[in-house]
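One-letter residues, chain by chain:
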Amino acid sequence: MFYKCFIDSYLTLRFLRQYFDDVLRWDFVPDENVPERLEAEEATPVQQWRPQQNKPARYEAAVTALEQCLTLKRYSWRTVKSYKNSLRNFIRFYDDTKPSQLTRKQINDYIHHLVKEHHITESYQNQICCALKMFYCEVANQAEKVEGLVQAKKPQKIPQVLTEGEVARLLKAVDNLKHRCILTMIYSAGLRLGEVTKLKLTDLQFEQHRIFVRNAKGKKDRCTILAQKAESLLKEYLALYCPVHWLFEGPDGGQYSDRSVQAIFTAAKDRSRINPLATTHTLRHSFATHLLEKGMDLRNIQELLGHESSKTTEIYTHITKKSWEKIKSPLDDLEI
């Protein structure tokens, strides 16, 4: 008896031949346009909410007052910008009511609306709460409205980390001397993106093999290590490019931009075919993890990274393969 069948992919064909080869007769050749496998139907992604950040609110004076308060407290320009946008979108949501007349219920309703309807992240939810607390406590003198405001519980995510082999492939994929120096400095010293672009020539001490990181996150200064291989690469770079003030200068002699560094990393990542989810900050995570695997004390790593709390540094203990060779899965003891 003969049956006609339709083969939608070579994967289906291999499955039929594996399990029904004894009962089916193969008298045909699949069409040339039959794919290797069917593409899975992708789920429609949730549209990310993008509030209008530049449109002034009816009561824009409240945003201006918050900006003045944050400036006097010497908050960073990034924090000022994000807090202003958060407050502006909030008071625009209740555009007909003065911010001082809004109630605690309206605050909760607004945040609940963003969570349910716009699927905002936990970080953005907490940013909104911080902005509203700052405004009502420091500007409007209505602290009771935000007392005990619920903060979102952040997911405990393990950071992306590259292997030492992947880092080596990444750095070898960069031909430009300046670009290689930038990525090498990030990994070899555990620097943040904004820290490597702010480095000045005076921040390097070759004799002491150390780097001064000035005005880093939290307005803190710290020292970190200058690796010997990074040092020799830097000397070659300095002799060729001759920067005047910043260690890494742009075409106009000013500070090198963060976006340029990100573009350098992305291009190197694509060429070296490492983890596609990696970012420039992954190099900092890899620096800490590799030090921990080599036996460095967690407290020393905390100081090199500039973490205020040891709990922040402890996240790398969940990634390191140190002592994994002593762990044996119970599966290996089963007679199967």
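Residues numbered from 1 in each chain as written. Predicted model: local features only at pLDDT ≥ 70, side-chain atom pairs only at ≥ 80, totals over all residues. Heavy atoms only, no water.

Asker: Just checking my understanding: could you explain the environment of Gln106 for this structure?
Answerer: Tracing the sequence through the fold places Gln106 in helix α4 (residues 104-118). Taking C-alpha positions, Gln106 is 10.0 Å from Phe93, a pair spaced 13 residues apart along the chain. Leaving out residues up to four positions away in the same chain, Gln106 has contacts with Phe90, Tyr94 and Gln101. (Helix = DSSP H or I, 4+ residues; strand = E, 2+ residues; numbered from the N terminus. Contact = heavy atoms within 4.5 Å.)

Asker: What should I look at first to understand unusual backbone geometry in this one?
Answerer: Most of the time, phi is negative for any residue but glycine, and the peptide bond is trans. You will see that Arg74, though not glycine, has its phi angle at about 65°, which is positive. The residue Arg74 is located in the loop between α2 (60-72) and α3 (77-93) in this model. Its identity as a non-glycine residue notwithstanding, Asn141 has a phi of 55°, on the positive side. Counting through the fold element by element, Asn141 comes out in the loop between α5 (122-139) and α6 (164-172). Classification of Asn141 as exposed rests on a relative accessible area of 62%. (Buried < 20%, exposed > 50% of the residue type's maximum accessible area, 1.4 Å probe, protein only.)

Asker: Would you take a moment to explain the side chain of Asn89 for this structure?
Answerer: As for its placement among the helices and strands, Asn89 is situated in helix α3. A distance of 3.0 Å separates polar atoms of two side chains, one belonging to Asn89 and the other to Arg92. (Polar contact = N/O pair within 3.5 Å; in protein donor to acceptor, adjacent residues only side chain to side chain.)

Asker: How should I be thinking about the pattern of salt bridges in this particular structure?
Answerer: When the charged atoms of two side chains with opposite charge come close together, those side chains can pair. Tallying each qualifying case throughout the model produces eleven salt bridges. A salt bridge links Arg214 to Asp203; the nearest nitrogen and oxygen atoms lie 3.1 Å apart. Within this pair, whereas Arg214 is found in the loop between β2 (210-213) and β3 (222-225), its partner Asp203 is found in the loop between α8 (193-197) and β1 (204-205), the two being separated by eleven residues in sequence. Among the residues examined, Asp203 registers a relative accessible area of 3% and is labelled buried. With its nearest N and O atoms 3.5 Å apart, the salt bridge here joins Glu231 to Lys235. Taken together, the residues Glu231 and Lys235, both in helix α9 (residues 228-241) and four residues apart, mark about one turn of the helix. The buried category is assigned to Glu231, whose relative accessible area is 10%. For Lys235, a relative accessible area of 45% gives the class partly exposed. Three or more residues joined by partner-sharing salt bridges are found here, namely Arg192, Glu195 and Arg222. (Salt bridge = Lys/Arg side-chain N within 4 Å of Asp/Glu carboxyl O.)

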